[in-house]
Amino acid sequence: MMAPQLPLDGIRAVIFDLDGTLYNKKGLPLRLIAADVPHMMMLGNERKARKELMGQWFGEEATYYCKLFARVAELSHSTPEKARHWYERHYMPNMQRILRRHYRVEPWVEGMLADLRQRGVKTAVYSDYGCLRERLEALGFDCAWVDVVADAPNLGGLKPSREAAMKLCSMLGVDPKATLMVGDRDDTDGETARRCGMRFLHVKL
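On a predicted model such as this, the values are computed, not experimentally measured, just so you know.

A.B. asks: If you had to explain the pattern of salt bridges to someone new, which residues and values would you point to?
C.D. replies: Tallied over the entire structure, the rule returns 14 salt bridges. Taking the shortest distance from any N to any O, the salt bridge between Glu 88 and Arg 84 comes out at 3.3 Å. With Glu 88 and Arg 84 both in helix α4 (residues 80-102) and four residues apart, this pair spans about one turn of that helix. Judged by relative accessible area, Glu 88 falls into the partly exposed class, the value being 44%. Here Arg 84 falls in the partly exposed class, since its relative accessible area comes to 32%.

Structure representation (structure tokens):
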């Protein structure tokens, strides 16, 4: 995909989604299943639990993960401790290995971020999944390219949580009205922007 054309008039910060925006995630779900077939049901139930928690505000990372693992455990007829163990010892490590082996950020990413910095525009990567720095590094992304790297759990709630996004704007030191959200999903990235008064650019790899 060619670099998206960013509407920068009046914009002082650009927030980029990661999956499906800065790299093409095609085939990732199937690779995750193939890498951990014994826990296939747990993987599916994690996705169901995350969908239920979308947009809710928990205030802090620990509370979010307690809610997530409790719901995954309930759906899987397991325990929160086992759900956490699977997530931390299987799911996230598998994701990082798969990203490192099969995926890379789009070729235009580094140059665009450098250009934005030269223009004095703040930048951030904002993802709904944790271990964001590790995943970015696996993709060949240097976290020094942006001003802020923030995952939604760390901010206290998944997209489109208004409170989490406002916290990110505060970290950037920029008014939401002068912020552009760039993402591939209207229901999460776009709705986040609308709830905060940001502008939104819908992109799809």
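A.B. asks: Provide a residue-level description of the packing of aromatic side chains, including the pertinent values.
C.D. replies: Under the counting rule described, the total for this entry stands at eleven aromatic pairs. Between Tyr 91 and Tyr 129, the aromatic rings sit 6.3 Å apart at their centres with planes inclined by 75°, giving edge-to-face as the arrangement. Taken together, the positions of Tyr 91 in helix α4 and Tyr 129 in the loop between β2 (122-127) and α6 (132-138) put the pair 38 residues apart, joining distant regions of the chain. Under the relative-accessibility criterion, Tyr 91 is labelled buried at 3%.

A.B. asks: How would you summarise unusual backbone geometry if you had to cite specific residues and measurements?
C.D. replies: Here the bond from Lys 159 into Pro 160 is cis, since omega is 5°, no more than 30 degrees from zero. Along the chain, Pro 160 falls in the loop between α7 (152-155) and α8 (162-172). In the Ramachandran plot, His 77 falls in the positive-phi region, its phi being about 55° despite a non-glycine side chain. If you trace the backbone, His 77 turns up in the loop between α3 (61-76) and α4. Judged by relative accessible area, His 77 falls into the exposed class, the value being 74%. Residues other than glycine seldom take positive phi values, yet Cys 131 does so here, at roughly 50°.

A.B. asks: So what about α8? Which residues, and what values?
C.D. replies: Taken together, the buried positions of α8 are occupied by Ala 164, Ala 165, Leu 168, Cys 169 and Leu 172. An end-on view of α8 places all buried positions within 145° of arc, on one side of the element. Where α8 is buried, its residues meet β1 (13-16), β2, β3 (148-151), α7, β4 (179-183) and α9 (186-196). After α8 finishes, the residue Gly 173 shows a positive phi value of roughly 70°.

A.B. asks: Tell me about a negative patch on the surface, and please be specific about residues and values.
C.D. replies: Together, Glu 110, Glu 134, Glu 137 and Asp 142 make up a negatively charged patch on the protein surface. Residue position: Glu 110 is located in helix α5 (residues 109-118).

A.B. asks: I'd like a description of the packing of helix α2 (residues 40-53) against α4, backed by residues and values.
C.D. replies: It is at 11 Å that the axes of α2 and α4 come closest, and there the two elements cross at 105°. The angle between α2 and α4 places the two elements in the roughly perpendicular class. In this structure, α2 contributes Met 42, Leu 43 and Glu 46 to the contact, and α4 contributes Lys 82, Ala 83, Trp 86, Tyr 87 and Tyr 91. Of the residues contributing to the contact of α2 with α4, the split by class is six nonpolar, no polar and two charged.

Cut-off values and rules
- Residues numbered from 1 in each chain as written.
- Predicted model: local features only at pLDDT ≥ 70, side-chain atom pairs only at ≥ 80, totals over all residues.
- Heavy atoms only, no water.
- Salt bridge = Lys/Arg side-chain N within 4 Å of Asp/Glu carboxyl O.
- Helix = DSSP H or I, 4+ residues; strand = E, 2+ residues; numbered from the N terminus.
- Buried < 20%, exposed > 50% of the residue type's maximum accessible area, 1.4 Å probe, protein only.
- Phe/Tyr/Trp six-rings, centres within 6.5 Å; stacked < 30°, edge-to-face > 60°.
- Arc of directions from axis to C-beta.
- Contact = heavy atoms within 4.5 Å.
- Patch = residues over 30% accessible without salt bridge, like charges linked within 9 Å, V, L, I, M, F, W, Y side chains within 5 Å.
- Areas by Shrake-Rupley, 256 points an atom, 1.4 Å probe, with all protein chains shown as cover.
- Lys, Arg positive; Asp, Glu negative; His and termini not counted.
- Charge placed at Lys NZ, Arg CZ, Asp CG, Glu CD.
- Axes fitted to C-alpha atoms, helices over the stretch in contact; angles between N-to-C directions.
- Parallel < 35°, antiparallel > 145°, perpendicular 65-115°, else oblique.
- Nonpolar A, V, L, I, M, F, W, Y, C, P; charged D, E, K, R; others polar.

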